[in-house]
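Commentary on secondary and tertiary structure
Residue strings, one per chain:
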4 protein chains.
Amino acid sequence: MTRIAILGATGYTAVELIKILLRHPNAEIVAVTSRQEGQPHIAMIHPSLTGRLDLRLEDLSPAEVAARAECVFSCLPHGASASVVPALLDAGRRVVDFSADYRLNDPTVYEQWYGQKHVDAARLGKVPYGLPELFRDQIPPARLVANPGCFPTTAILALAPLLKAGLIDPKSIVIDSKSGVSGAGRTLKLTTHYPECNESFSAYNVGRHRHTPEIDQVLGMAAGCPVEVVFAPHLVPMDRGILTTTYSQPLTAASEEKVLQTIRDFYADEPFVRVVDHLPATKDAMGTNFCDITARVVRGRVLTISCIDNLVKGASGAAVQNFNLMFGYPETTAL
Amino acid sequence: MTRIAILGATGYTAVELIKILLRHPNAEIVAVTSRQEGQPHIAMIHPSLTGRLDLRLEDLSPAEVAARAECVFSCLPHGASASVVPALLDAGRRVVDFSADYRLNDPTVYEQWYGQKHVDAARLGKVPYGLPELFRDQIPPARLVANPGCFPTTAILALAPLLKAGLIDPKSIVIDSKSGVSGAGRTLKLTTHYPECNESFSAYNVGRHRHTPEIDQVLGMAAGCPVEVVFAPHLVPMDRGILTTTYSQPLTAASEEKVLQTIRDFYADEPFVRVVDHLPATKDAMGTNFCDITARVVRGRVLTISCIDNLVKGASGAAVQNFNLMFGYPETTAL
Amino acid sequence: MTRIAILGATGYTAVELIKILLRHPNAEIVAVTSRQEGQPHIAMIHPSLTGRLDLRLEDLSPAEVAARAECVFSCLPHGASASVVPALLDAGRRVVDFSADYRLNDPTVYEQWYGQKHVDAARLGKVPYGLPELFRDQIPPARLVANPGCFPTTAILALAPLLKAGLIDPKSIVIDSKSGVSGAGRTLKLTTHYPECNESFSAYNVGRHRHTPEIDQVLGMAAGCPVEVVFAPHLVPMDRGILTTTYSQPLTAASEEKVLQTIRDFYADEPFVRVVDHLPATKDAMGTNFCDITARVVRGRVLTISCIDNLVKGASGAAVQNFNLMFGYPETTAL
Amino acid sequence: MTRIAILGATGYTAVELIKILLRHPNAEIVAVTSRQEGQPHIAMIHPSLTGRLDLRLEDLSPAEVAARAECVFSCLPHGASASVVPALLDAGRRVVDFSADYRLNDPTVYEQWYGQKHVDAARLGKVPYGLPELFRDQIPPARLVANPGCFPTTAILALAPLLKAGLIDPKSIVIDSKSGVSGAGRTLKLTTHYPECNESFSAYNVGRHRHTPEIDQVLGMAAGCPVEVVFAPHLVPMDRGILTTTYSQPLTAASEEKVLQTIRDFYADEPFVRVVDHLPATKDAMGTNFCDITARVVRGRVLTISCIDNLVKGASGAAVQNFNLMFGYPETTAL
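On a predicted model such as this, the values are computed, not experimentally measured, just so you know.

This part covers the relation of the copies chain A and chain B. The operation relating chain A to chain B is a screw motion whose rotation component is 180°, with 0.0 Å of axial translation and a residual RMSD of 0.0 Å. Taken together, the turn and the small shift mark the pair as related by a two-fold rotation axis. An overlap of 100% is found between the interface residues of chain A and their copies at the interface of chain B, pointing to a shared contact surface.

Printed below as a string of structure tokens:
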């Protein structure tokens, strides 16, 4: 049994994480934190947890968290996370960080995309990127794991096998992603006010989304050369799910079957990647830790289509997958 | 051509009103007001109006409004509306008020339900309730019309004919209403944050909704005796539409056909009430000024089912209907 | 480990059942049946099951089913279920029946509401109604359990405690229910075609819904006298969830607190009923086996508001709860 | 006043067309056809038309249609349309055809994509493509106009100005489109059954959608050379709206401002194209005949984003725009 604390427990990734951990036979949630005043019961914030988790939200210092828990899931926003993670690590605790703070290797790139200096820059480049399908070996020994972004998970899982196999031109990659609204978080915004986004579809942050450098970096590692993707995210009027369609130029004449087989072979032993022949729908993966992937070749262009539940494989499910690897539990436990 | 000002033009009823007035051959919108800083162009607030209305939002005094417009539609919230309407009337302007400020006849009831003293209490009881189907004669001469609430429109139109005919017991009325989310307005709230209310159904303000006394009052006039309804509103995950189901005890044995015929006769000449045999859906009335009504008798209980588009017949369409009557245009113009 | 067969495995209750059973440590699904030609793999019909259950749909006789499985979940429609259940029972198998075939005690009532003679009428009245909260003692020894209807579950759980306590008048009950679209099943119909029902709200089968006699019967047992409810179901544009609002006359002056306390006491030891003070939303219970209930007293009328996930507590979750009781597993296993 | 017949009046484009024509001062709908038995009243099929259009659906021959109407809107499917249009034209009637039958110039391409021989092949190449923004001159004299497909409208309006200006490489075009469900029509299909497609996002007909050759053809005319686009449509869980994101390689270094200005200049005098700086949402255009377009340059790639209401500018609104041009009414009448 591992004692767990969850930092920043008022948002959607936290409540999803709690629900997964509640069915984990080796996890015990011992603290949930928030700066909310009055220490409300967690069920006051998330009524779906009524009768399921009897904890109050507390505003705890890193030392207090470290005193109670062996593993800390930080659901804090970027910047905030890097300001508490070092103290937790120094106290001997292990951390899965949901924020972008430890995903990028280069502090300059971080500063450029996040508009602020990194407060723990020395650690960058030494933290494994928590996508076990690509970096499984690095995760069990890690004290800190950077949980991947939701969009990057779909794009990287689809494209990395093709780049590693040299099938597609790394300079040609277009990524058109579509996400449900929970990806935008629980903070009130006009763009996610129901009558604004319901029955509407739009692009947002085109060319400027902060997941871009993360995709560049990991695909660059797969390609063995720098990659700069064109990334355009869109907002879908639904709660959960991301579907990503990518377009790239093949380096050699590649048949659809060869492309599909390359991806299928790459993930042959993976418990959470399903390479399928049909065009997958986000609903197929809803509530699961699966990433469904297929590919097509259209008029000589290589297309991949991949989808996940953004709150599970795109956040809390991946976090528990990393937790399982870090603590030696079977990787699929509770997932 | 009538020159029109719209007060409080940032919300959903205002943008719906603008769209209706843009196709009105006798209406010219000359001012749209808001306390928003910087006088943004109306299309910055409502992108759907791009290229359709070239006005900036201005923070105008009642005198400035009165200097420009002959007719003022106030989309201000309750309290705010009553604080500017008197000056507009004194300046000789005519007003359609969307707020609840002039709907109730009794200042005490207003204070009890709205939690504040009425600042223009002397006028209460002298303002017609803008439901032409019941009070058409009072509207043409009126300087000020109180535009009805959205829930009351559905409940009153369904029940008034039955109460006037003495078919149902005024003491027995239960009103179960269901509204789309636009009815909750454009102010950001957690309850109308997309991932909270999407794919969810809930009741709210049960027994405490401020439309209750308005329904009591108008149904009481129809019944000729005091009426106290049990009113439970619910929130439906959709943009627009209200459907209201009412349950009451018949005073005499009433067949379904007699109940339906009573309603059908009552609205025989009405352009915007459709008494139908089938069970209507809110989508049938979406984007229109219609109220669709039917009735059933189930195990001796009388049921009515009525629906509207809450932003049209429940707000801006009704307002234009009142405007047409006040200014002598054909009642259905632009509707 | 119990070997399980699922009859009629192409619908929504079946796929939900499969997902629950896949995480049940004591259940092994050994057969899934359908009359679909060509024995398609279950994942062809339900892509979400890809990689999770490796079975083909087979058109099996009751004897073949009995030869493989110890427990049979019948997701067949009414009529079809009663035509195979007797053979399964005769072969010594135990059955949880999702259809309405064994819920009613009186064959005449069945015939009246379902429009056909019951083919196994002699068994009616001897089959426990699978609502453990009311009939837990009858379930462990049962060979056959009638899994409750989704609407009845919400209405009965809310009202039975008040009727048993003599707090409300059994002759006064109005039930206004609202259901997500999955309740209408997977058979294609214009009313559940996306552009027809999306962004729309309507009533259906008012006064004629087949869940009416089931509610009458079980509430009558709670009240100790015949009950005839007024029942009006409505269709909500969402996938899952039922919320039921009931209205009844108190027999004695009952405070809101007394009503709530009566319900709270009644379910004090129940794992799947959450009596709450706030107004619950269907989303709170989504994906869970909980029924959330609250009550209000409005102008002397007693209101209850209760909600479930129609596919879980309203169908497949309740079925597994019954299965657990029948086979001696902890009641909450996999739920 | 022009007498109008609508062929195939049971679908979504037909009911949208009827609603637009009902507010057209110069249009009188005199016949609505369908092969439905029993000549049901149009309001039985489309309850939203109750009290608005008093016609029955009739199964009329082309001669009967020609005897009543001066202008015929054919909402028949492809194949069916080409089998009745010649007779209507021979009888001297003018036709706006919603189907794809007269959009392509080359019968071989038609046969290849639609899987059947064209029954009126000789007429292909002589029928104007009803996108007034590109082919306005051809429409007033035309006896027959081919109303454009919904996806092509978004892609062509966004890309044609850039191809004409030689700004982008015609060989590099990727079109990623997203459509609401009404685009799939009213025929019942599992993919558009509410619980299947609600809360889900998927691609469909990737590389195989029949709108592909239509886009190729019209963009080829704009480019002055053959164009073969990569086209991937997706299904969005909403009723209406299409948003199309395109990606192409610039031929010269093109700044975002230059790209935007090129599009803005091209449509400077167009009543129904709004070139905007912000990222448009489908909801901005909902219920209108507008196409909103913007552009971005991301890492050297040119992106366009354009959106319409698929039932209005993507079908019935465009049809009325064409009708207005054909019959000499102001182009924006009723739109």
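This brings us to the interface of chain C and chain B. On the chain B side, the residues contacting the 33 residues of chain C number 34 residues. If you list the elements that add at least two residues to the side of chain C that touches chain B, you get β7 (174-179), β8 (202-203), β9 (230-235), β10 (242-248), α11 (282-285), β12 (291-298) and β13 (301-308) of chain C. Class assignment for the residues of the side of chain C that touches chain B results in 18 nonpolar, 6 polar and 9 charged.

Attention now goes to the pairing of strand β2 (residues 27-33) of chain B. Residues and elements named next belong to chain B. Of all the 7 residues making up β2, 5 are buried; the element is thus mostly covered by neighbouring parts of the structure. With 5 bridges joining them, strand β1 (residues 2-7) and β2 adopt parallel strand pairing. Paired with A5 across the bridge in β2 is A31. Regarding topology, helix α1 (residues 12-22) serves as the crossover connection from β1 to the parallel β2, and that connection is right-handed.

A separate point is the interface of chain A and chain B. Taken together, the 14 residues of chain A in the interface contact 14 residues of chain B. When residues of the side of chain A that touches chain B are assigned to their parent elements, the largest contribution, 3 residues, is made by helix α8 (residues 194-197) of chain A. Here the residues of the side of chain A that touches chain B sort into 7 nonpolar, 4 polar and 3 charged.

Quick look at the relation of the copies chain C and chain B now. Superposing chain C onto chain B requires a rotation of 180° together with a translation of 0.0 Å along the rotation axis, leaving an RMSD of 0.0 Å. Comparing interface residues between copies, 100% of those in chain C also lie at the interface in chain B; the contact surface is shared.

Here we come to the pairing of strand β10 (residues 242-248) of chain D. Residue and element names in this part refer to chain D. The buried fraction of β10 amounts to 7 of the 7 residues, a majority that puts the element mostly inside the structure. Residues I242, T244, T246 and S248 line one face of β10 and the alternating positions L243, T245 and Y247 line the opposite face, and both faces are buried. In terms of strand pairing, strand β7 (residues 174-179) meets β10 through 6 bridges, oriented antiparallel. Following the sheet pairing, K178 is matched in β10 by L243. Pairing of β10 with strand β13 (residues 301-308) involves 7 bridges; the strand directions are antiparallel. In the strand pairing of β13, I242 is matched with I308.

The next point concerns the sheet that holds strand β1 (residues 2-7) of chain C. Residue and element names in this part refer to chain C. Taken in spatial order, the 6 strands make up an open sheet running β3-β2-β1-β4-β5-β6, and their pairing is parallel. Of all the strands in the sheet, the pair left with one neighbour each is β3 (57-58) and β6 (144-146). Pairing of β1 with strand β4 (residues 71-74), which is carried by 4 bridges, proceeds in the parallel orientation. Across the sheet, I4 pairs through a bridge with C71, a residue of β4. Relative to β1, helix α1 (residues 12-22) is tilted by about 165°, and along the sheet it contacts β1, β2 (27-33) and β4. Against the sheet, helix α12 (residues 312-327) contacts β1, β4, β5 (94-97) and β6, and its axis sits at roughly 160° relative to β5.

Another aspect to go through is the environment of C:I305. Along the chain, C:I305 falls in strand β13. Residue C:I305 is classed as buried on the basis of its C-beta count, with 25 C-beta atoms lying within 10 Å. The contact partners of C:I305, leaving out residues within four places of it in the chain, are B:A203, C:L243, C:T245, C:L279, C:P280 and C:T294.

Another point: the confidence of the model for chain A. Considering every residue of chain A, the mean pLDDT works out to 97; 100% of them sit at 70 or more. Taken over the whole predicted complex, pTM reads 0.97, whereas the ipTM for its chain interfaces reads 0.97.

Our next topic: the sheet that holds strand β11 (residues 273-275) of chain C. Residues and elements named next belong to chain C. Pairing is mixed across the open sheet formed by 7 strands, whose spatial order is β8-β9-β7-β10-β13-β12-β11. Here the strands that pair on one side only, and so sit at the sheet edges, are β8 and β11. Seen against the sheet, helix α10 (residues 256-266) touches β11, β12 and β13 and runs at an angle of roughly 160° to β12.

Residues and elements named next belong to chain A. Taken domain by domain, chain A holds domain 1 (2-127) and domain 2 (150-310). Averaged C-alpha coordinates put domain 1 and domain 2 at centres separated by 26 Å. Facing 10 residues of domain 1, the contacting portion of domain 2 comprises 7 residues. With 3 residues, helix α5 (residues 107-114) is the single largest residue contributor to the side of domain 1 that touches domain 2. Grouping the constituent residues of the side of domain 1 that touches domain 2 by class yields 6 nonpolar, 3 polar and 1 charged.

Reading guide: rules and limits
Residues numbered from 1 in each chain as written. Chains lettered and ligands numbered in written order. Predicted model: local features only at pLDDT ≥ 70, side-chain atom pairs only at ≥ 80, totals over all residues. Least-squares fit on C-alpha atoms with pLDDT ≥ 70 in both. Contact = placed C-beta atoms within 7 Å. Helix = DSSP H or I, 4+ residues; strand = E, 2+ residues; numbered from the N terminus. Nonpolar A, V, L, I, M, F, W, Y, C, P; charged D, E, K, R; others polar. Buried ≥ 20, exposed ≤ 12 C-beta atoms within 10 Å, placed from the backbone. Pairing = 2+ DSSP bridges. Right-handed = clockwise from strand over helix to strand, strands pointing away. Axes fitted to C-alpha atoms, helices over the stretch in contact; angles between N-to-C directions. pLDDT = per-residue confidence, 0-100. Domains from an automatic or database assignment.

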